[in-house]
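Each chain, written out:
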Amino acid sequence: MRADLEPKFYNLYLEYFHKAEAHRRWNILEDVPWDKIGRHPNPSVVKIVQAYMAVELFLPDYTSKILHLVRSSRGRAWFQANWGYEESKHSLALEMWLTKSGSRTDEQIRQFEEEILGREWNLPYSTPLEMMVYTTFQEFATSLNYRGLRKFVSQSPDEALDKVLILLSRDETGHFEFFKNGVLLFMEKDRDSVLDAVNHVIRTFQMPAQTLIPEWDEPDKLIRELGIFDDRIYMRDVVKPVLKALGISSDELREARQRLQTV
């Protein structure tokens, strides 16, 4: 981590923290209308929600390994701890919907957790810059997944799940904003390095579920069939808007890629 950026990263974290405290914090018991939960949810929705919950179960890996990578940066490390708290609520909210809707028993959830936690998530990139670029795309994509599922859920109203997906999507958008602003800080000092990292991440990007979740093919097929997320949506609704938010044109990215190829 560049020492000259540390004060800016810390200020970025403080801005994020105070905004979250003032406008975005929510209570899992009080802010979700659990009494208005659907009692006969669509089986496809159940499988997708369970898959999303499974991704959140790797929270110990996400937090510990990213914290170790950025531990010398108070701004990024404190944010990562805060991020872990918010993501833990996501996992709990999705799990509560599965059990309260009657879709899964507590015993089934525990068995599923044991199977999931037998695996381990590893950092997809080795440098703080590449990880920040990756998480910028990943958080935007995660928010998009929740919004896409919400559109499908609206066809058979479940006010509890609808509110859960609103809250989770809003949190993920907040996370995206922090990471995006962090990438912009890097760009102030070394734009070429950021362009190289962006090119690398776009070419190699994978959502955590693609490599971690057992029997991922089934929920992945449902997610694609329902138009929630696929490769085309990734390029159109994730890559393009994220590049726009970073102020990177396709021409600039292509020139950076060509420069790398000639080195």
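Remember, it's a predicted structure, so these values are computed and weren't measured experimentally.

Now for the overall build of the chain. Within the chain, the regular secondary structure consists of twelve helices and zero strands. Of the regular secondary structure in the chain, the N- to C-terminal order runs α-α-α-α-α-α-α-α-α-α-α-α. In terms of overall dimensions, the chain is globule-like: its C-alpha atoms have a radius of gyration of 19 Å, near the 18 Å expected for 263 residues. Referenced to the eigenvectors of the C-alpha coordinate spread, the extents of the chain come out at roughly 55 × 35 × 35 Å. The burial tally for the chain puts 53% of its 263 residues in the buried class. Put simply, 85% of the contacts in the chain that link residues at least 6 apart link residues at least 24 apart. When the accessible area of the chain is evaluated, it comes to approximately 12,800 Å², of which 51% is carbon and sulfur surface. Charge separation in the chain, taken as the distance between the mean sites of 35 positive and 41 negative side-chain charges, equals 4 Å.

Let's shift gears to the pattern of salt bridges. The full count for this structure, using the stated rule, is 18 salt bridges. The salt bridge partner of Glu-113 is Arg-110, with a shortest N-O separation of 2.9 Å. Of this pair, Glu-113 and Arg-110 both sit in helix α5 (residues 106-116), separated by three residues, roughly a single helical turn. For Glu-113, a relative accessible area of 17% corresponds to the buried category. On the basis of relative accessibility, which here comes to 33%, the residue Arg-110 falls in the partly exposed class. Residues Arg-224 and Asp-220 are paired through a salt bridge, measuring 3.1 Å at the closest nitrogen-oxygen approach. In this pair, Arg-224 and Asp-220 are both assigned in helix α10 (residues 217-225), four residues apart and thus about one turn of the helix distant. When salt bridges that share partners are traced, they join Glu-21, Arg-24, Arg-25, Glu-86 and Asp-171 into one network.

Our next topic: the nonpolar core. Core analysis: the largest hydrophobic core is formed by 89 residues, its most contacted members being Trp-97, Phe-137, Leu-149, Val-198, Ile-213, Phe-229 and Val-238. Setting aside residues up to four positions removed in sequence, Trp-97 forms contacts with Trp-34, Ile-37, Pro-41, Val-45, Val-46, Val-49, Ser-103, Asp-158 and Leu-161.

Moving on to the packing of helix α8 (residues 191-204) against helix α11 (residues 231-246). Two elements in contact, α8 and α11, have axes whose closest approach is 12 Å; the angle formed by their N-to-C orientations is 170°. Comparing the axis directions of α8 and α11 gives the class roughly antiparallel. Side by side, α8 and α11 meet where Val-198, Val-201 and Ile-202 of the first sit next to Tyr-234, Val-239 and Leu-243 of the second. Looking at the contact of α8 with α11 residue by residue, the class counts come to six nonpolar, no polar and no charged.

Glancing now at the side chain of Asn-199. Tracing the backbone shows Asn-199 in helix α8. In this structure the side chain of Asn-199 is engaged in a polar contact, spanning 2.8 Å, whose partner is the side chain of Arg-257.

Further remarks concern helix α2 (residues 43-56). Between its terminal C-alpha atoms α2 stretches 20 Å, which fits the 20 Å expected from 14 residues at 1.5 Å a residue. α2 sits mainly inside the fold: twelve of its 14 residues count as buried. Within the span of α2, buried status applies to Ser-44, Val-45, Val-46, Ile-48, Val-49, Gln-50, Ala-51, Tyr-52, Met-53, Ala-54, Val-55 and Glu-56. The backbone nitrogen of Ser-44 has a side-chain oxygen 2.8 Å away, supplied by the residue at the start of α2, namely Asn-42.

A separate point is the environment of Ser-72. By the element assignment, Ser-72 lies in the loop between α3 (59-70) and α4 (74-100). Owing to a relative accessible area of 61%, Ser-72 belongs among the exposed residues under this scheme. Counting along the chain gives 66 residues from Ser-72 to Glu-6, while the straight-line C-alpha distance between them is 9.3 Å.

With that settled, the discussion passes to the packing of α4 against α5. The geometry of α4 relative to α5 is characterised by a closest axis approach of 9 Å and an angle of 140° between their N-to-C directions. What the angle tells us is that α4 and α5 run oblique. Contacts from Glu-95, Leu-98 and Thr-99 of α4 reach α5 at Asp-106, Ile-109, Arg-110 and Glu-113. Here the residues of the contact of α4 with α5 are counted per class, giving two nonpolar, one polar and four charged.

Further remarks concern the confidence of the model for the chain. Detailed conclusions should not be drawn from predicted coordinates in areas where pLDDT is low. For the chain, the mean per-residue pLDDT works out to 93, and 98% of the residues sit at or above 70. Looking over the chain, one finds the lowest element-wise mean pLDDT in helix α9 (residues 209-212), namely 81, and the highest in helix α7 (residues 159-189), namely 97.

Calculation notes
- Residues numbered from 1 in each chain as written.
- Predicted model: local features only at pLDDT ≥ 70, side-chain atom pairs only at ≥ 80, totals over all residues.
- Heavy atoms only, no water.
- Helix = DSSP H or I, 4+ residues; strand = E, 2+ residues; numbered from the N terminus.
- Rg over C-alpha atoms; globule rule 2.2 N^0.38 Å.
- Buried < 20%, exposed > 50% of the residue type's maximum accessible area, 1.4 Å probe, protein only.
- Contact = heavy atoms within 4.5 Å.
- Areas by Shrake-Rupley, 256 points an atom, 1.4 Å probe, with all protein chains shown as cover.
- Lys, Arg positive; Asp, Glu negative; His and termini not counted.
- Charge placed at Lys NZ, Arg CZ, Asp CG, Glu CD.
- Salt bridge = Lys/Arg side-chain N within 4 Å of Asp/Glu carboxyl O.
- Core = buried A, V, L, I, M, F, W, Y, C linked by side-chain atoms within 4.5 Å.
- Axes fitted to C-alpha atoms, helices over the stretch in contact; angles between N-to-C directions.
- Parallel < 35°, antiparallel > 145°, perpendicular 65-115°, else oblique.
- Nonpolar A, V, L, I, M, F, W, Y, C, P; charged D, E, K, R; others polar.
- Polar contact = N/O pair within 3.5 Å; in protein donor to acceptor, adjacent residues only side chain to side chain.
- Expected span 1.5 Å × (residues − 1).
- pLDDT = per-residue confidence, 0-100.

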